[in-house]
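So you can see what is in the structure, the chains are spelled out below.
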Amino acid sequence: MKGIVIRKADPGEYDAVERFYGKVKYPGSLNSTATVFVALEDQQVIGTAQLCPEAGYVALRGMQVEPTFQGQGIGSKLLEHVVIELANQPCYCIPWSHLQAFYHRIGFEEITAQEGPVDVRERYTRYRSQGLNVILMRRV
Ligand SMILES: CC(C)(COP(=O)(O)OP(=O)(O)OC[C@H]1O[C@@H](n2cnc3c(N)ncnc32)[C@H](O)[C@@H]1OP(=O)(O)O)[C@@H](O)C(=O)NCCC(=O)NCCS
């Protein structure tokens, strides 16, 4: 973590975040209304996460840390910033099932599809039907 800065991204850094997503082959993109967090080393993006405002809730999406920097606490630190930003707003995420404990650490609980808002439910169902081993989680 030495020399690594984690903070909210400036809009001027969004292109760099998109390039980072390309580099790590994340299939999604930056949501134009999202609050974006970045981890930077030497001013280069090495990790990111987005909080996307939706109707009545927030979605946590696009959480990625560059492979060579994984397992050093950067993802956990990004989540600390996410928690501060969220305060008590309800938030949903659709993580890989093996990351259940990682998101549980900051208060996400696994829920059934029926417990999610309709668009979250649809997204979750789509991912599952594509064979992706994801779960649905909520933090209130
Ligand atoms: C998941 C991810 C964001 C975590 O970031 P990170 O900087 O590596 O995370 P940290 O070093 O802060 O914490 C590591 C924790 O992540 C969890 N974790 C990460 N990879 C894991 C894996 N393959 N299996 C199980 N747990 C895993 C563990 O809980 C681990 O805790 P531990 O070190 O006490 O065992 C990062 O590994 C990543 O970008 N992975 C590839 C993309 C991805 O899966 N994104 C999330 C989509 S839901």
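Now for a look at the structure at hand. Each chain carries its own residue numbering, running from 1 in the direction its sequence is written. Confidence filtering applies because this is a predicted model: local features only for residues at pLDDT of at least 70, side-chain atom pairs given and counted only at 80 or more, and all residues used for totals across whole chains, interfaces and linings. Each side-chain value is worked out from all heavy atoms of the structure, with water and hydrogens disregarded.

**Let's talk about the nonpolar core**
Inference 1: Side-chain atoms within 4.5 Å link the members of a nonpolar core, which is a set of buried Ala, Val, Leu, Ile, Met, Phe, Trp, Tyr and Cys residues. Exposed residues in this analysis have more than 50% of their type's maximum accessible area, buried residues have under 20%, and partly exposed residues fall in between, with area computed by a 1.4 Å probe over protein chains only. Formed by 25 residues in total, the largest nonpolar core has its most connected members in Leu 51, Leu 60, Ile 74, Tyr 103 and Phe 108.
Inference 2: Among the elements that take part in this core, helix 2 (residues 74-86) stands out by supplying five residues, more than any other.
Inference 3: The split of the chain into domains comes from an automatic or database domain assignment. When residues of this core are sorted by domain, at least three fall in each of domain 1 (1-87) and domain 2 (90-140).
Inference 4: Grouped together as the second largest cluster of nonpolar side chains are 22 residues, Val 24, Tyr 57, Tyr 124 and Val 134 included. Only DSSP runs of H or I reaching four residues or more are called helices, and only runs of E reaching two or more are called strands; each is numbered from the N terminus.

**Describing the side chain of Gln 50**
Inference 1: On the secondary structure map, Gln 50 appears in strand 3 (residues 44-54).
Inference 2: A polar side-chain atom of Gln 50 sits 3.0 Å from the main-chain amide nitrogen of Asn 31.
Inference 3: We call two residues contacting when some pair of their heavy atoms lies within 4.5 Å. In contact with Gln 50, not counting residues within four places along its chain, are Tyr 21, Ser 29, Leu 30, Asn 31, Ala 34, Thr 35, Ala 59, Leu 60, Arg 61 and Gly 62. A 3.5 Å cut-off defines polar contacts: any pair of N or O atoms within that distance qualifies, except that in protein one atom must be a possible hydrogen donor and the other a possible acceptor, and neighbouring residues in sequence count only when both atoms are side-chain atoms.

**Quick word on the site of the ligand**
Inference 1: Here a residue counts as near a molecule or strand whenever at least one of its heavy atoms sits within 4 Å of it. The ligand sits among 17 residues. The nearest are Val 65, Gly 73, Gly 75, Ser 76 and Arg 105.
Inference 2: Side-chain polar atom of Gln 70 to a nitrogen atom of the ligand: 3.4 Å apart, as the coordinates give it.
Inference 3: Backbone polar atom of Gly 75 to an oxygen atom of the ligand: 2.7 Å apart, as the coordinates give it.
Inference 4: The method behind every accessible area is Shrake-Rupley, applied with a 1.4 Å probe, and residues are considered shielded solely by the protein chains displayed. Burial of the ligand by the surrounding chains reaches 66%, relative to a free accessible area of 900 Å².

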